[in-house]
Amino acid sequence: NHLFVAAPGSTKASWISEVTYDGTASPFGICDQKPFFTNVNFWGIAFSSGAGGSLLYVTDQNNGKVITMTSSGNVNTYASGFNSPEGIAIDTSGNIYVANTAGDTVSMVSAGGTFTSTYSAGFQQPSGIAFDETHNMYVSNYAGDSVSLVTAAQQILTYATGISSPTGIVIKDGVAYVASESEGKVYKLLHRAGIYTSGLNMPRGLAKGPDGLIYVADTTNNNIYRLDAPDKLTNFVAGFSYPSWFVFDSIGSTFLADFAGGNLLKLSGNTSSVFASGMSGPAGVAYDAMNNLFYVSNYLNGTVSVVSGTGNVSTFAVGLYGPLGLAFSSPGNLYIANSANGTIAHVVQGSGVSTFAAGFGLPVGVALDAAKNVYVSDQSNNMIFVISKSGVVFPFATVASPFGIAFDGNDNLFVSDTQNKQIKELVLH
């Protein structure tokens, strides 16, 4: 594994260098030896290795092309028609993406060779491109002093701002590194989702216990575990059919949403009793310790019920869309994940339902940090988002098919990764 470096130049001085492990650099393909490539300006570079051999893909900014170079130095035009191309990246399917700096777009060439001139648009002199492990694309906006995130569904979000003239970008171990040309710096952006616990079957709901630790419902194992330490699980309760959403009250009792039965169950050891009934597909559960009230999202009829400390049920909010996760902020102040329309609703008692933030794919879980910022697990976008108090949405970290989300007693954020059957702890950088 050698390092390849593109050296941009204004005319025929552009070349590719190959760097070996001992730091020795030598020309890999000098352009003025190829008369077809006069007035070239190599910029972005990507490497692909497969059954057909290894190839370097290089953007030629002056000629609006992507060329390929073999290990023997053979040079060919791969695709043309770009608009001052700079950054280039290859996804896991072999599709190639190119930043058109002069066109403010990203083009795509599929693995089969189909050219899409505008895969994504609306950038500001896009320069660098990189992908994370869940196929989100990151684009540095040279003229916008920012980094955009393009989800797998091609939704464009602002990921970071305040980076002067950003150019190259790379993702390593869940962390984004961005070069600032004018500042001569490299910025570290992404929050890394580190593995906290593995070996689960289908981790879904998370809740903070009275001890400040995180508890997880392992749905298809029919258990709820306590996370005592990294990779140390303690069986808390067992034998409940398909547990998912649960919560603790102020004295440490556990309450579990019974989706199929329409009940809120109170657990006592490995047994349960019906605490409240008559709900319609109860899913998310939140607890108001000050007033000893439970809030339960009714997925099937688009409402939220409020359950008193004695089990009486009344309607708290209506007009919701597949409500799932709930997060309680203050008495009568609730945030709700509308899974069916990609929004986060906000309900203040007596003021009705309003849309707090929109544009999500499949929002599932909601949690609040100590400063009352709202965090959302977006399952279809493989992303954790944070919403400021003013309703501005920012991508926070990538997690594969996230579901439950909760803060522990030290304000550390945990997320259930249903795809990899893990609990992730989001490490702040």
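Above this note sits the structure.
Residues numbered from 1 in each chain as written. Predicted model: local features only at pLDDT ≥ 70, side-chain atom pairs only at ≥ 80, totals over all residues. Heavy atoms only, no water.

1. Some thoughts on the packing of aromatic side chains
Here is step 1: Taken as a whole and assessed by the stated rule, the structure comprises 22 aromatic pairs.
Here is step 2: Judged by centre distance (5.1 Å) and plane angle (85°), the ring pair of Y57 and Y78 falls under edge-to-face. Of this pair, Y57 sits in strand β5 (residues 53-60) while Y78 sits in strand β7 (residues 75-80), placing them 21 residues apart in sequence.
Here is step 3: Both rings, one in Y287 and one in F294, keep their centres 4.8 Å apart while their planes meet at 45°; by these two values the pair is tilted. (Phe/Tyr/Trp six-rings, centres within 6.5 Å; stacked < 30°, edge-to-face > 60°. Helix = DSSP H or I, 4+ residues; strand = E, 2+ residues; numbered from the N terminus.)

2. Concerning the sheet that holds strand β27 (residues 271-276)
Here is step 1: Here four strands make up an open sheet; going across it, the order is β24-β25-β26-β27 and the pairing antiparallel. Two strands lie at the open edges of the sheet, namely β24 (246-248) and β27, each paired on one side alone. Here the strands of the sheet are splayed against their neighbours by 30° on average, with no regard to which way each runs.
Here is step 2: As defined by bridge partners, strand β26 (residues 263-268) adjoins β27 across five bridges and the pair is classed as antiparallel. (Pairing = 2+ DSSP bridges. Axes fitted to C-alpha atoms, helices over the stretch in contact; angles between N-to-C directions.)

3. Some points on the pattern of salt bridges
Here is step 1: Per the stated rule, a full pass over the model turns up three salt bridges.
Here is step 2: E183 is the salt-bridge partner of K185, the closest N and O atoms lying 3.7 Å from each other.
Here is step 3: K185 gets classed as partly exposed once you look at its relative accessible area, which sits at 46%.
Here is step 4: Given a relative accessible area of 31%, E183 falls into the partly exposed group.
Here is step 5: Notably, a salt bridge pairs D228 with R226, separated by 2.6 Å at the nearest N-O pair.
Here is step 6: The partly exposed category is assigned to D228, whose relative accessible area is 25%. (Salt bridge = Lys/Arg side-chain N within 4 Å of Asp/Glu carboxyl O. Buried < 20%, exposed > 50% of the residue type's maximum accessible area, 1.4 Å probe, protein only.)

4. Side note on the nonpolar core
Here is step 1: Counting 27 residues, the largest nonpolar core has Y138, V147, L189, Y335, I344, V374 and I387 as its most contacted members.
Here is step 2: The contact partners of Y335, leaving out residues within four places of it in the chain, are G325, L326, A327, S329, I344, A345, H346, F356, V366, L368 and V374.
Here is step 3: Judged by nonpolar contacts, the second largest core, of 17 residues, contains L264, V285, Y287 and V296. (Core = buried A, V, L, I, M, F, W, Y, C linked by side-chain atoms within 4.5 Å. Contact = heavy atoms within 4.5 Å.)

5. Side note on the side chain of D369
Here is step 1: By the element assignment, D369 lies in the loop between β36 (363-368) and β37 (374-378).
Here is step 2: Judged by its relative accessible area of 10%, D369 is buried.
Here is step 3: A distance of 2.9 Å separates a polar atom in the side chain of D369 from the backbone nitrogen of A371.
Here is step 4: Side-chain polar atoms of D369 contact the backbone nitrogen of N373, separated by 2.8 Å. (Polar contact = N/O pair within 3.5 Å; in protein donor to acceptor, adjacent residues only side chain to side chain.)

6. Remarks on the pairing of strand β18 (residues 185-188)
Here is step 1: Sheet topology places strand β17 (residues 175-180) next to β18; four bridges connect them, and they run antiparallel. Directly across from Y177, in β18, lies its bridge partner K188.
Here is step 2: With antiparallel pairing between neighbouring strands as the criterion, β17 and β18 make up a hairpin whose turn holds four residues, including G184 at a positive phi of roughly 65°.

7. Topic: the sheet that holds strand β32 (residues 323-330)
Here is step 1: The strand order across the open sheet formed by four strands is β32-β33-β34-β35, and the pairing between neighbours is antiparallel. Looking along the sheet, the strands with just one partner apiece sit at the ends: β32 and β35 (352-358). Each strand of the sheet is rotated relative to its neighbour by a mean of 25°, with strand direction disregarded.
Here is step 2: In this structure, strand β33 (residues 333-338) lies alongside strand β34 (residues 343-348), joined through six bridges in antiparallel fashion.

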